[in-house]
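Observations on chain architecture
Residue-level listing of the chains:
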Amino acid sequence: MNKKIWLSNPHMGGGEMKYIEQAFAENWIAPLGPNVNGLEHDIQKFLEEDIHVAALSSGTAAIHLALVLLDVEAGDYVICQSLTFSASANPIVYLGAHPIFVDSEQDTWNLCPNAVEDAIKFGISKGKKPKAIIAVSLYGMPYKADEINELSKRYDIPVIEDSAEALGSTYKGQKCGTFGDLGVLSFNGNKIITTSGGGALILKHKEFKKKAVFLSTQAKDDAPHYEHTKIGYNYRMSNICAGIGRGQMEVLLERVNQRRANHQFYKELFQDHLGFTLHEEPNSGYYSNHWLSIVRLHPKAGITKSQLIQKFAKENIESRPIWKPMHLQPVFKTAPHFGSNLSEKLFNNGLCLPSGSNLTDDDRERIKLVFDEIIQ
Ligand SMILES: *Cc1c(COP(=O)(O)O)cnc(C)c1O
């Protein structure tokens, strides 16, 4: 059997072990230490903005804490992109709040600004203005941040930017992670860089960072004994994981270039084939890290999405349908939904192609062979 080609798997840079060995040498085997502070500093430097970073145990934890920091409570409404991974929406439910799902627009597949406004008006009509907007830069493609931020200002509703998939992407030259009132990153094993499991919250004020760290370390008040005036969480990143992250930050730009090269490979592969359309940046204002490359299959492709998945599987190559929209998930079936049915159409014919930064020329040749049989 040929070696397995994964959709997106961890890709170590080589520098990780020196940070981990240092942690062992100094016995910093805890959810605090020099690597945690170092990783926060590295991310802050990379994002080049006047921001603060809190390293956490996952991207999901970061979204949960973002909602807590915005005082989201039971019964509140929170607007969330429908076409996304469930982790964008689940923390809304952890708090007993209710998601309102908003569908995609054509260009980026992210939040449709008109539908966001409809969702806001719906909340207001129920006497409950939504407490937050969770905007996702899906597959690394930045969302329409100008339009979303305009709505956020006009209605005074903060934005939680879920850039779990978009570290290294930019919109009009500004880095993803810095657009929302709060930004979320993920370092799960399949993301553009990984700490094995981990995430970060990007904050605009020092006070917010202090609060995030306080809440993520069990909300221990300043007292000689354990005193709690708030409910806390155990969400801080471990110093070992942060060591992996420090090594990964050294190669982040390389990883972005490698993923973008995969996208370019697919672009050339599907050129002149009307049956396949690759998800691309709508204009030069968008710079995607192309975390995953996505192709839509049209009737002219002569093969369905599931047939293609099977065909890949036979060659030991992993591919996957795109995220199933949240408003179509059984668990969210009673949640309100605004906008078109574009996300459903994308789910029906969209396929995630192998996109790891460690794809080799041989891997790409094997992928090309599968398509050569289909595309004549
Ligand atoms: C991966 C991901 C998350 C969650 O991050 P974890 O670190 O896995 O908890 C959230 N949102 C999106 C869009 C993601 O892809």
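Rules used in this analysis
Residues numbered from 1 in each chain as written. Predicted model: local features only at pLDDT ≥ 70, side-chain atom pairs only at ≥ 80, totals over all residues. Heavy atoms only, no water. Axes fitted to C-alpha atoms, helices over the stretch in contact; angles between N-to-C directions. Helix = DSSP H or I, 4+ residues; strand = E, 2+ residues; numbered from the N terminus. Parallel < 35°, antiparallel > 145°, perpendicular 65-115°, else oblique. Left-handed = near helix turned anticlockwise from the far one by under 90°. Contact = heavy atoms within 4.5 Å. Nonpolar A, V, L, I, M, F, W, Y, C, P; charged D, E, K, R; others polar. Domains from an automatic or database assignment. Buried area = accessible area lost by both parts, 1.4 Å probe. Salt bridge = Lys/Arg side-chain N within 4 Å of Asp/Glu carboxyl O. Polar contact = N/O pair within 3.5 Å; in protein donor to acceptor, adjacent residues only side chain to side chain. Phe/Tyr/Trp six-rings, centres within 6.5 Å; stacked < 30°, edge-to-face > 60°. Near = heavy atom within 4 Å. Areas by Shrake-Rupley, 256 points an atom, 1.4 Å probe, with all protein chains shown as cover. Buried < 20%, exposed > 50% of the residue type's maximum accessible area, 1.4 Å probe, protein only.

**Some points on the packing of helix 1 (residues 16–25) against helix 8 (residues 239–249)**
Running from amino to carboxyl end, helix 1 crosses helix 8 at an angle of 150°, the nearest separation of the two axes being 7 Å. Considering their axes alone, helix 1 and helix 8 lie roughly antiparallel with respect to each other. Crossing angle aside, the handedness with which helix 1 passes helix 8 is right-handed. Facing helix 1, whose interface residues are Glu16, Tyr19, Ile20, Ala23 and Phe24, helix 8 presents Asn239, Ile240, Gly243, Ile244, Arg246, Gly247 and Gln248. Its residues assigned to classes, the contact of helix 1 with helix 8 comprises six nonpolar, four polar and two charged.

**Describing the packing of helix 2 (residues 34–47) against helix 8**
Helix packing geometry: the angle between the two helix axes and the distance between the axes. Taken N-terminus to C-terminus, the directions of helix 2 and helix 8 make an angle of 35°; their axes are 8 Å apart at the nearest point. Considering the relative orientation of helix 2 and helix 8, their crossing is left-handed. Of the residues in helix 8, those touching helix 2 at Pro34, Asn35, Val36, Gly38, Leu39, Asp42, Ile43 and Phe46 are Asn239, Ala242, Gly243, Gly245, Arg246 and Met249. Residues belonging to the contact of helix 2 with helix 8 are distributed by class as follows: seven nonpolar, five polar and two charged.

**Side note on the domain arrangement of the protein**
Domain boundaries in the protein define domain 1 (16–249) and domain 2 (252–375). For domain 1 versus domain 2, the distance between C-alpha centres works out to 25 Å. With 46 residues of domain 1 at the contact, the number on the domain 2 side is 37 residues. Summing the contributions of domain 1 and of domain 2, the shared interface buries around 3,700 Å²; its carbon and sulfur component is 68%. Counting across the domain 1 and domain 2 interface gives zero salt bridges. Seen at the junction of domain 1 and domain 2, the total is 20 residue pairs in polar contact (both at pLDDT 80 or more). Across the side of domain 1 that touches domain 2, the residue classes tally to 24 nonpolar, 14 polar and eight charged.

**What to know about the packing of aromatic side chains**
Going through the model one piece at a time under the given rule, you end up with 15 aromatic pairs. Considering the side-chain rings of Tyr139 and Trp291, the 6.3 Å spacing of their centres and the 15° angle between planes classify their relative orientation as stacked. Of this pair, Tyr139 sits in the loop between strand 4 (132–136) and helix 6 (145–155) while Trp291 sits in the loop between strand 11 (286–287) and strand 12 (293–297), and the two are 152 residues apart along the sequence. Note on Phe312 and Phe371: the rings are 5.5 Å apart at their centroids and 75° apart in plane angle, and the pair reads as edge-to-face.

**Some words on the site of the ligand**
The full set close to the ligand counts 15 residues, and Thr60, Asp162, Glu165, Ser186 and Lys191 are the nearest of them. A distance of 2.7 Å is found between a nitrogen atom of the ligand and a side-chain nitrogen or oxygen belonging to Asp162. Glu165 places a side-chain nitrogen or oxygen 2.5 Å from an oxygen atom of the ligand. Here the ligand has 380 Å² of accessible area as a free molecule, and 95% of this is covered by the chains. Tallied by class, the residues present in the shell around the ligand amount to four nonpolar, eight polar and three charged.

**Side note on the pattern of salt bridges**
Following the criterion strictly, the structure yields 20 salt bridges and no others. Its salt-bridge partner being Glu117, residue Lys121 comes within 3.9 Å of it at the nearest N-O pair. With Lys121 and Glu117 both in helix 5 (residues 113–125) and four residues apart, the pair spans about one turn of that helix. A relative accessible area of 45% places Lys121 in the partly exposed class. A salt bridge links Arg364 to Asp361, with the nearest nitrogen and oxygen atoms 3.4 Å apart. Pair noted here: Arg364 and Asp361 are both in helix 12 (residues 361–374), with a separation of three residues, about one helical turn. A residue is classified by how much of its surface remains accessible, and Asp361, at 61% relative accessible area, is exposed. Through salt bridges with shared partners, a single ionic network connects Glu117, Lys121, Glu150 and Arg154.

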